[in-house]
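Architecture at a glance
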Amino acid sequence: MIDPSGYRPNVGIILANHTGQIFWAKRVGRDAWQFPQGGMNQDETPEDTLFRELKEEIGLNETDVTLVARTRHWLRYRLPPRLIRDTQPKCIGQKQLWYLLRLESGDDCIHLDATLKPEFDEWRWVSYFYPLRQVVLFKREVYRKALRELAPYLFENLQNLSRRGAHPLNYLLEN
């Protein structure tokens, strides 16, 4: 499904644990790390896509997570010309709604082999802003916008912590 502007509707998933770290996964057979994401099917709502992709890519059910927040608007990125396929309609990039989820189950519920063709072969918990310098360049601005918009929902309970170190939200104000 491609919109009239050439963008494929998609959802991105930022999965956080109870300490504020986020799920970071490596694409199968490549040294490319990213958040789980996936394209919407014609008959799906964004939330349908979210929970289908969550199950397919990391083996989690809706009951394993709490939906914390979603970006207000679609965020877009263009594909580099070398990645644009000669198809009709032509897909020039993706438009994404980003969801912030909190894992309620244990790490042992995460299964990268939930389907016959897994998308990821390794994962780890990383600090909230770690992906900004690690993700492929053409996705970086969308990641920055999504992380920036959703951070207050994850870190709202940290607002009252003592000033013993840099607060994660200070990063937002400086960048």
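These remarks concern the structure in this document. Note that this is a predicted model, so its numbers are computed, not measured.

Conventions and cut-offs
Residues numbered from 1 in each chain as written. Predicted model: local features only at pLDDT ≥ 70, side-chain atom pairs only at ≥ 80, totals over all residues. Heavy atoms only, no water. Salt bridge = Lys/Arg side-chain N within 4 Å of Asp/Glu carboxyl O. Helix = DSSP H or I, 4+ residues; strand = E, 2+ residues; numbered from the N terminus. Buried < 20%, exposed > 50% of the residue type's maximum accessible area, 1.4 Å probe, protein only. Pairing = 2+ DSSP bridges. Phe/Tyr/Trp six-rings, centres within 6.5 Å; stacked < 30°, edge-to-face > 60°. Lys NZ or Arg CZ within 6 Å of the ring centre and 35° of its normal.

1. Observations concerning the pattern of salt bridges
- One pass over the full model with this rule turns up nine salt bridges.
- One salt bridge in this structure joins glutamate 53 and arginine 52, with 2.8 Å as the shortest N-O distance.
- One salt bridge in this structure joins glutamate 149 and arginine 72, with 3.4 Å as the shortest N-O distance. In this pair, glutamate 149 sits in helix H2 (residues 140-155) while arginine 72 sits in the loop between strand E5 (65-70) and strand E6 (75-78), placing the two residues 77 residues apart along the sequence.
- Arginine 72 sits in the exposed class, given a relative accessible area of 58%.
- Each of Glu44, Arg52, Glu53 and Glu56 takes part in one network of salt bridges that share partners.

2. Concerning the pairing of strand E1 (residues 7-16)
- The buried fraction of E1 is high, at nine of 10 residues.
- Of the pairings in the sheet, the one linking E1 to strand E4 (residues 37-39) comprises three bridges and is antiparallel in character. In the sheet register, valine 11 faces E4, and the bridge partner there is glycine 38.

3. A few points about the packing of aromatic side chains
- Tallying each qualifying case throughout the model produces 12 aromatic pairs.
- With centroids separated by 5.2 Å and ring planes inclined at 75 degrees, the aromatic side chains of tryptophan 24 and phenylalanine 35 adopt a geometry described as edge-to-face. Residue tryptophan 24 is found in strand E2 (residues 22-27), and its partner phenylalanine 35 is found in the loop between strand E3 (33-34) and E4; the two are separated by 11 residues along the sequence. Take tryptophan 24 and phenylalanine 35: they sit in the same class, and that class is buried.
- Their ring planes at 90 degrees and their centres at 5.4 Å tell us that tryptophan 123 and tryptophan 125 sit as a pair that is edge-to-face.
- An aromatic cluster of at least three residues, connected via ring pairs, comprises Trp24, Phe35, Trp98, Tyr130 and Tyr143.
- The aromatic ring of tryptophan 74 is capped on one face by lysine 95, whose charged end is 4.9 Å from the ring centroid.
- Above the ring of tryptophan 33, the side-chain terminus of arginine 124 is found at 4.0 Å from the ring centroid.

Function-wise, these values are silent; they only describe arrangement.
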